[in-house]
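Topology and contacts: notes
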Amino acid sequence: MAPLKSGSRLEHVLRSGRFAVTAELNPPDSADPQSVYERALVLSEVCDAINATDASGANVHMSSVGVCALLTRAGYEPVMQVSCRDRNRIAIQGDLLGAAAMGVRNVLCITGDGVQAGDQPDAKPVFDLDSVTLLRTARLLGEEGRFLSGRQLDVPPRFFLGAADNPFAPPFEFRPLRLAKKVEAGADFIQTQYCFDVPRLAEYLRAVRDLGLHERVFILVGVGPLRSARAAEWIRTHVPGVVIPDAIIRRLAGVPAARQQEEGKDICVEIVRQVRELEGVSGVHVMAFRQEQLVARIIEEAGLLPRQPQKR
Amino acid sequence: MLDRPARRAHAGARLQLLRGLQDPPRLLEAAYDVTAAALRRVRRLLVPGSGAARFVAWTERVGKGAIFDCRMCGQCVLHATGMTCPMTCPKQLRNGPCGGVRADGHCEVHPERCCVWVQAWDRSRRMRACGEDVRQILPPLNHSLHDTSAWVNDLHRQELLAPRAWPR
Ligand code: SF4
Ligand code: SF4
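What about the overall build of chain A?
Across its full length, chain A holds 11 helices and 8 strands. Compactness check: chain A gives a C-alpha radius of gyration of 19 Å against a globular reference of 20 Å for 312 residues, within 12% of the reference. Reported as C-alpha extents along the three principal axes, the dimensions of chain A are approximately 60 × 45 × 40 Å. Relative to its full complement of 312 residues, chain A shows a buried share of 58%. Taking as baseline every contact in chain A between residues at least 6 positions apart, the subset at least 24 positions apart corresponds to 77%. Accessible surface computed for chain A: about 12500 Å², of which carbon and sulfur atoms make up 51%. Of the side-chain charges in chain A, 38 are positive and 38 negative, and the distance between the mean point of each set is 2 Å.

What follows is the structure, encoded as structure tokens:
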């Protein structure tokens, strides 16, 4: 096993060759820490690390830095998402140092959805860095112990760096090359957008293997349950980058409304089982928007339990 | 006489005509290289801040504005972006498309427009020499160079084209 670079438990799981499971925590619209702990408790039993999203979909919630502060305090293993939409390089570098000081070891560097997607479309979009330059900046802090400006750090942070990718959005031939950029810039692991189209994913992975990237980066495939045919239709028209094939919507619509949530969960379990078989897939990333109670069932029914306890 | 919106639409149509020059990108790539070579000859005249440099900036604003919808970022990277200006992407992404590109190839932010990076990728496949530059990792933008001439910066201010600690 290669030496660990960060002390991250997620890194440990991945490098030891085990199939990893991460899950997304939906940050509360609340100033009460308990609302974070309640959600973390459900997830931590069944996954190796918990993603703290950074105003995903450009909707304001408790910040990822705040959620991570609470999670590390209680001994959980967070993946801190950092988006380029809301902060410039000065704020981001500062947050990365602060996060490392709190015990955050996993950082997911993403571009971020446009402000138009969220509840404050009148906000100023920042995008001073992009996901690739953010990755390289984070690596610079950790490996060279320097800020972008060249100024030296006293104690550099140690990170296990992640990036997102969307194999399901055009331009398809460019996506693997863009992944190569991210790996080159410092990505150790990847969490993909929701996968509802396994053949498309398989094609993407073929190109990724041709570039030899599967040996340089751990790929965790994004999965999640659809609540109903109507919800699926809404998501695919309103959430940027999520592609849901007609066949899935037809299958959901084919069962009575009261059973659609169960069917959505079943589809998700099937997808987990299928992607697990693909060469180059190191884990899954479960995102269940407002359906946290389903995460444990999905992971259990997909045969991914038991997992090592997360709490220190 | 046309009223104002109509005039603007008219000017828009004229500009669109020039934008058509972006296909095929080979022609532009060649034109760009010729201009760069010519400017390199008179390098010494183009001191940043001089009248000559301001004149070059003006020609860039007008010429590249008409063809590429140039936003005068001061650090031209058209070779690495399929001769498609990355600053016209609503997120100003210089290293490739975001994850929000729509299934029809349109932009997440402006659904009525084609994604800048879908065009950039497509054009990079049809470039003559530098098409593979699209794989390069570009540094974050130096915002202090906004509104200055990218040609002049390229000749005289290389050290400002990436943050100091950026690997070169
Ligand atoms: S990259 Fe910068 S200089 Fe080049 S066309 Fe775009 S805005 Fe203008
Ligand atoms: S969809 Fe394309 S043009 Fe629109 S923000 Fe994303 S990368 Fe830029």
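What to know about the pairing of strand 5 (residues 160–165) of chain A
All names here are of chain A. With respect to burial, strand 5 is a largely interior element, 5 of its 6 residues being buried. In this structure, strand 4 (residues 106–110) lies alongside strand 5, joined through 4 bridges in parallel fashion. What sits directly across from cysteine 109, in strand 5, is alanine 163. In terms of handedness, the path from strand 4 via helix 5 (residues 131–144) over to strand 5 forms a crossover that is right-handed. Here strand 5 runs beside strand 6 (residues 189–194); their pairing, made up of 4 bridges, is parallel. Looking at the pairing, aspartate 165 lines up with threonine 192 of strand 6. After leaving strand 5, the chain enters helix 6 (residues 174–185) and then returns to the sheet as strand 6, a path that is right-handed.

What about the interface of chain A and chain B?
Bring the parts together and some accessible area is lost; that lost area is often taken as the interface size. Facing 35 residues of chain A, the contacting portion of chain B comprises 32 residues. Summing both partners gives a buried area of about 2800 Å² for chain A against chain B, and 62% of it is carried by carbon and sulfur. It is Arg136(A), Phe174(A) and Lys181(A) that lose the most area in chain A upon contact with chain B, and together they represent 21% of the buried surface on that side. Counting across the chain A and chain B interface gives 0 salt bridges. Across the chain A-chain B interface, the total number found is 16 residue pairs in polar contact (both at pLDDT 80 or more). The leading source of residues in the side of chain A that touches chain B is helix 6 of chain A, at 7 residues. Residue composition of the side of chain A that touches chain B, by class: 13 nonpolar, 11 polar and 11 charged.

Side note on the packing of helix 8 (residues 229–238) of chain A against helix 9 (residues 246–253) of chain A
All names here are of chain A. Direction vectors running N to C along helix 8 and helix 9 enclose 155°, while the axes themselves pass 8 Å from each other. Classified by the interaxial angle, the pair formed by helix 8 and helix 9 is roughly antiparallel. Taking contact as the criterion, the partners of Ala229, Ala232, Glu233 and Arg236 in helix 8 are, on helix 9, Asp246, Ile249, Leu252 and Ala253. Classifying every residue of the contact of helix 8 with helix 9 gives 5 nonpolar, no polar and 3 charged.

Regarding the environment of Leu141(B)
Mapped onto the elements, Leu141(B) comes out in the loop between helix 4 (116–124) and helix 5 (150–156). Between the C-alpha atoms of Leu141(B) and Ala53(B), which are 88 residues apart in sequence, the distance is 21 Å. With residues near it in sequence (within four places) discarded, Leu141(B) still touches Arg89(A), Cys73(B), Gln75(B), Met87(B) and Arg94(B).

With respect to the packing of aromatic side chains
Given two aromatic rings, one states the distance between the centres and the angle between the planes to describe the pair. Under the defined criterion, the tally for this structure stands at 6 aromatic pairs over all chains. Between Tyr32(B) and Trp151(B), the ring centres sit 4.6 Å apart and the planes meet at 35°, which makes this aromatic pair tilted. Highlighted residues: Tyr32(B) in helix 2 (residues 25–41) and Trp151(B) in helix 5, separated in sequence by 119 residues. A network of ring pairs unites the aromatic residues Phe174(A), Trp117(B) and Trp121(B) as a single cluster. Its guanidinium or amino end placed over the ring of Phe172(A), Arg200(A) lies 3.9 Å from that ring's centre, counting from NZ or CZ. For the cation-ring pair, Lys64(B) lies above Trp151(B), with the distance from its terminal atom to the ring centre recorded as 5.3 Å.

Considering the pattern of salt bridges
Pairing between side chains of opposite charge can happen when the charged atoms of each approach one another. All names here are of chain A. In total, this model carries 30 salt bridges over all chains according to the counting rule given. Close ionic contact of aspartate 128 with arginine 89 constitutes a salt bridge, the shortest N to O distance being 2.9 Å. Of this pair, aspartate 128 sits in the loop between strand 4 and helix 5 while arginine 89 sits in helix 4 (residues 89–102); the two residues are 39 residues apart in sequence, bridging distant segments of the chain. Residue classification places aspartate 128 among the buried positions, given a relative accessible area of 13%. Since its relative accessible area comes to 17%, arginine 89 is described here as buried. A cluster of three or more residues bridged by salt bridges with shared partners is formed by Glu262, Lys265, Asp266, Arg297 and Glu301.

Some words on the site of ligand 1
In the vicinity of ligand 1, the contacting residues are Lys64(B), Cys70(B), Arg71(B), Met72(B), Cys73(B), Cys76(B), Val77(B), Leu78(B), Cys85(B), Pro86(B) and Met87(B). Its residues placed into classes, the shell around ligand 1 shows 9 nonpolar, no polar and 2 charged.

Considerations on helix 5 of chain A
All names here are of chain A. Here helix 5 contains 14 residues, and its C-alpha end-to-end distance of 19 Å stays within 8% of the 20 Å for a straight helix at 1.5 Å per residue. Of all the 14 residues making up helix 5, 10 are buried; the element is thus mostly covered by neighbouring parts of the structure. Buried within helix 5 are the following residues: Ser131, Val132, Thr133, Leu134, Leu135, Arg136, Thr137, Ala138, Leu140 and Leu141. Along its buried surface, helix 5 packs onto strand 3 (78–83), helix 4, strand 4, strand 5 and helix 6. In this structure aspartate 130 caps helix 5, since a side-chain oxygen of it lies 2.9 Å from the backbone nitrogen of valine 132. In the stretch just after helix 5, glycine 145 is the one whose phi turns positive, near 65°.

Here's the deal with the packing of helix 10 (residues 260–276) of chain A against helix 11 (residues 292–301) of chain A
Packed helices, taken two at a time, are described by the angle their axes make and the gap between the axes. Residues and elements named next belong to chain A. Helix 11 packs onto helix 10 with a crossing angle of 45° between their chain directions and a minimal axis gap of 9 Å. One finds that helix 10 runs oblique with respect to helix 11. Of the two possible hands of crossing, helix 10 and helix 11 adopt the one that is right-handed. For the pair helix 10 and helix 11, the contacting residues are Gln261, Glu262, Lys265, Asp266, Cys268, Val269, Val272 and Arg273 in the first and Gln293, Leu294, Arg297, Ile298 and Glu301 in the second. A per-class count over the contact of helix 10 with helix 11 returns 5 nonpolar, 2 polar and 6 charged.

Criteria and thresholds
- Residues numbered from 1 in each chain as written.
- Chains lettered and ligands numbered in written order.
- Predicted model: local features only at pLDDT ≥ 70, side-chain atom pairs only at ≥ 80, totals over all residues.
- Heavy atoms only, no water.
- Helix = DSSP H or I, 4+ residues; strand = E, 2+ residues; numbered from the N terminus.
- Rg over C-alpha atoms; globule rule 2.2 N^0.38 Å.
- Buried < 20%, exposed > 50% of the residue type's maximum accessible area, 1.4 Å probe, protein only.
- Contact = heavy atoms within 4.5 Å.
- Areas by Shrake-Rupley, 256 points an atom, 1.4 Å probe, with all protein chains shown as cover.
- Lys, Arg positive; Asp, Glu negative; His and termini not counted.
- Charge placed at Lys NZ, Arg CZ, Asp CG, Glu CD.
- Pairing = 2+ DSSP bridges.
- Right-handed = clockwise from strand over helix to strand, strands pointing away.
- Buried area = accessible area lost by both parts, 1.4 Å probe.
- Salt bridge = Lys/Arg side-chain N within 4 Å of Asp/Glu carboxyl O.
- Polar contact = N/O pair within 3.5 Å; in protein donor to acceptor, adjacent residues only side chain to side chain.
- Nonpolar A, V, L, I, M, F, W, Y, C, P; charged D, E, K, R; others polar.
- Axes fitted to C-alpha atoms, helices over the stretch in contact; angles between N-to-C directions.
- Parallel < 35°, antiparallel > 145°, perpendicular 65-115°, else oblique.
- Phe/Tyr/Trp six-rings, centres within 6.5 Å; stacked < 30°, edge-to-face > 60°.
- Lys NZ or Arg CZ within 6 Å of the ring centre and 35° of its normal.
- Near = heavy atom within 4 Å.
- Expected span 1.5 Å × (residues − 1).
- Left-handed = near helix turned anticlockwise from the far one by under 90°.

By themselves, these observations are geometric and do not establish any function.
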